[in-house]
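Residues per chain, in single letters:
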Amino acid sequence: MRELGPFLHGDTQAWHASDRVDPYLRVVMAMAFADHDVALSGLALTFELVPGLSVHDLADVLQTPDRVRSHWQGEHAVFGTAWLSLTSAQRWGLQGPPACIARFEMGMPWRDLRGDVVTPSSRPAPPLPARTHRARSTADTLWVVMDHGCPFAHPALRRGDGQTKVLHLWDQAPTPELGETAHLPWPWGYGAELNRAEMTRLLQDAGGDEAACYARMGYHALQRRAVHGAHVLGQLQPQDSEDLVFIQLPRAQVQTLARAALAPAVLDGAMFALSVAAPESRVFVNLSLEAYDGPHDDHSLWSCALQALVWHAREKHRVEWTWVIAAGNAASLKVNAAVTLQPHRPQSLIWRVPPGSEHVAWLELWWPEAMGALSVGLTAPGQTARVRIDAGALTVWPNSARPACWAAYPQAITACGRCLLIRLAPTAAVAGQAVVAPAGDWTLHLHGAAAGTVRAYLARIWQGPAGHRRGWQGQLWAENAVAQEQRQGLQRPDSLPRSGSVSGLASNVGGVVVAQAMHWQAGSLVETAYSGRGPARAVSAHLCEESGLLHGVRSWGALGGHTVRMNGTSVAVPQAVRALASARGRAPP
């Protein structure tokens, strides 16, 4: 048996074992909200109430200007989303959430680091009038697409009478792009929405010219050739007899690929769509997104919220609700790993962090409650001493004055077991970033008294447009998974993708279907190497690569007559949606 070796003690801040505070909030507060986009001036979160309590119990204890944005009754408890001011978020972090809260998540903080951000006008936009009532769908099939970029004026999205097939469009961005005729969606209180009549009028005012229509209203999301939301709609091809609701998620949040950061926007969008769905109708939600943080099990707050919403739609609105979610594209990128521990036998997990990353990196470890608390040490690149990461504390390395690494290790046990969160500063200096973490192999030393498996997940961050704001998260290796001579530089994807690499948004609960990508090989359809998989999830496989020579699937660009090719499991999602509709005997063409 190997000894764990000498430890150094980083600066620590302890908290109680009964703590119900999201550990991400602990890190964010300790860093004075440095990772958080202060332009938002608050925090959006997802919550679950104590069974038997109503949303009024929460509303009664919220402070001004805090607010509940959405809420729905599950089979056992109420779930919802809320917005807290920074002052209230700090109060929850210091004193704990109100007693009516069973659990809450604000998740991985994010900041808009895109290089193509549209500079807002120096003159503030006038406040939008609120819309409290909206037209309901009369169709028996309602498509809900949550993505970015809705080409409502596309020729193929126009009905025979000239109206758009899009019933409602909600832009959730802090600075929406839908023009001065838009309304503030109530009760959500953020973003802007247009209804079918307003979108049709905008197109008519532009003389039927879709490009002029988007330009006049300032819809920047469609002023590029390749738009993901348009590509998805080109595969759905809704008919005149069907209705479509498009939820335009904030682009900055979509690019973070953080499950808990996306959750409030996605769940708010779901409740918006449910508010206009016809009784006895079918609703198919196309969620072509991926995220890798979270426990990846059916007891997470995200999974339980999805299941509760499906139950709420069926029992309270008589609506058959189906989520279709991408399996994710990171199976071959080594952003997940599993470490099998034996009693009192130390194991190591290697986190290879590349140089030149301008984005904060996050690592999450999850393991079953039965394994108990683990002894955890951390060795930085080029160091030999190990920093002890104590349970029930927030640890910083090398010191609080220059925090290159934060580790939050809650003592409290969640419904998903135990967890450990680690945040690394960027490995390349960027504007306003004084602390840089060393690149190389960071080694986590794990030791426990019981056998079991520890699962590790990196948040996968996309590289920004035109190469700006590089966000490489690195790779994960179990100690015995790579020979010493191979541990030089980043490894190329191998031919055997890792199991357990499915997106953290994919849940094995009723009402959720996971779309996996396929491609042609030797005349047969086989699973792509990048498509996420398992463990223990029923995955619906759909064609993504339609040709052995031309990669991706051809679909709409931003304007009529434009086509682009895209691939990935996000492209498989609309195909899965169509297949599900087809299986019920009412298929789109």
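Residues numbered from 1 in each chain as written. Predicted model: local features only at pLDDT ≥ 70, side-chain atom pairs only at ≥ 80, totals over all residues. Heavy atoms only, no water.

## A few points about the overall build of the chain
Next, step 1: Counting its regular elements, the chain contains 10 helices and 30 strands.
Next, step 2: Taking all 589 residues of the chain together, 59% fall into the buried category.
Next, step 3: Counted over contacts in the chain with a minimum sequence separation of 6, partners at least 24 positions apart contribute 78%.
Next, step 4: Summing over all exposed atoms, the chain offers an accessible surface of approximately 23300 Å²; the carbon and sulfur share of this is 52%. (Helix = DSSP H or I, 4+ residues; strand = E, 2+ residues; numbered from the N terminus. Buried < 20%, exposed > 50% of the residue type's maximum accessible area, 1.4 Å probe, protein only. Contact = heavy atoms within 4.5 Å. Areas by Shrake-Rupley, 256 points an atom, 1.4 Å probe, with all protein chains shown as cover.)

## Observations regarding the packing of helix α8 (residues 259–274) against helix α9 (residues 301–317)
Each pair of packed helices can be summarised by the angle the axes make with each other and by the distance between the axes.
Next, step 1: Closest axis-to-axis distance for the α8/α9 pair is 11 Å, and the angle between their directions is 5 degrees. Compared by their axis directions, α8 and α9 come out roughly parallel. Contact residues: R259, A263, V266, L267, A270, M271 and L274 in α8; W302, A305, L306, L309, H312, A313 and H317 in α9.
Next, step 2: Of the residues that constitute the contact of α8 with α9, the class distribution is 11 nonpolar, two polar and one charged. (Axes fitted to C-alpha atoms, helices over the stretch in contact; angles between N-to-C directions. Parallel < 35°, antiparallel > 145°, perpendicular 65-115°, else oblique. Nonpolar A, V, L, I, M, F, W, Y, C, P; charged D, E, K, R; others polar.)

## Structural notes on the packing of helix α1 (residues 23–30) against helix α3 (residues 86–95)
Next, step 1: Running from amino to carboxyl end, α1 crosses α3 at an angle of 115 degrees, the nearest separation of the two axes being 10 Å. Classified by the angle their axes make, α1 and α3 are roughly perpendicular. Relative to α3, the crossing made by α1 is left-handed. Residues L25, R26 and M29 of α1 form the contact with α3, whose own contacting residues are A89, Q90, G93 and L94. (Left-handed = near helix turned anticlockwise from the far one by under 90°.)

## Observations regarding α8
Next, step 1: For α8, which comprises 16 residues, the first-to-last C-alpha distance of 21 Å matches the rise-based estimate of 22 Å (1.5 Å per residue) to within 8%.
Next, step 2: The buried count for α8 comes to 16 of 16 residues, which makes it a mostly enclosed element. (Expected span 1.5 Å × (residues − 1).)

## With respect to helix α4 (residues 196–205)
Next, step 1: Turning to α4, its buried residues number three or more, namely R196, E198, M199, T200, L202 and L203.
Next, step 2: Residues of α4 that are buried make contact with β7 (130–131), β9 (166–171), β11 (192–195), α5 (210–217) and β12 (243–248).
Next, step 3: In this structure N195 caps α4, since a side-chain oxygen of it lies 3.2 Å from the backbone nitrogen of A197. (Polar contact = N/O pair within 3.5 Å; in protein donor to acceptor, adjacent residues only side chain to side chain.)

## Some details on the confidence of the model for the chain
Next, step 1: Mean pLDDT over the chain: 83, with 82% of residues reaching 70 or higher.
Next, step 2: Across residues 115–123, confidence stays below pLDDT 50; counting only partners more than four residues off in sequence or on other chains, it has six contacts.
Next, step 3: In this model residues 585–589 is a low-confidence stretch, pLDDT under 50, and it forms 13 contacts with partners more than four residues away in sequence or in other chains. (pLDDT = per-residue confidence, 0-100.)

## Overview of the nonpolar core
Next, step 1: Residues V144, M146, W321 and W323 are the most contacted members of the largest nonpolar core, which totals 47 residues.
Next, step 2: Where this core is concerned, the elements lending two or more residues are β8 (141–147), β9, β12, α8, β13 (282–287), α9 and β14 (320–326).
Next, step 3: In contact with W323, not counting residues within four places along its chain, are M146, V266, A270, V285, L287, L306, L309, V310, G511, V512 and V513. (Core = buried A, V, L, I, M, F, W, Y, C linked by side-chain atoms within 4.5 Å.)

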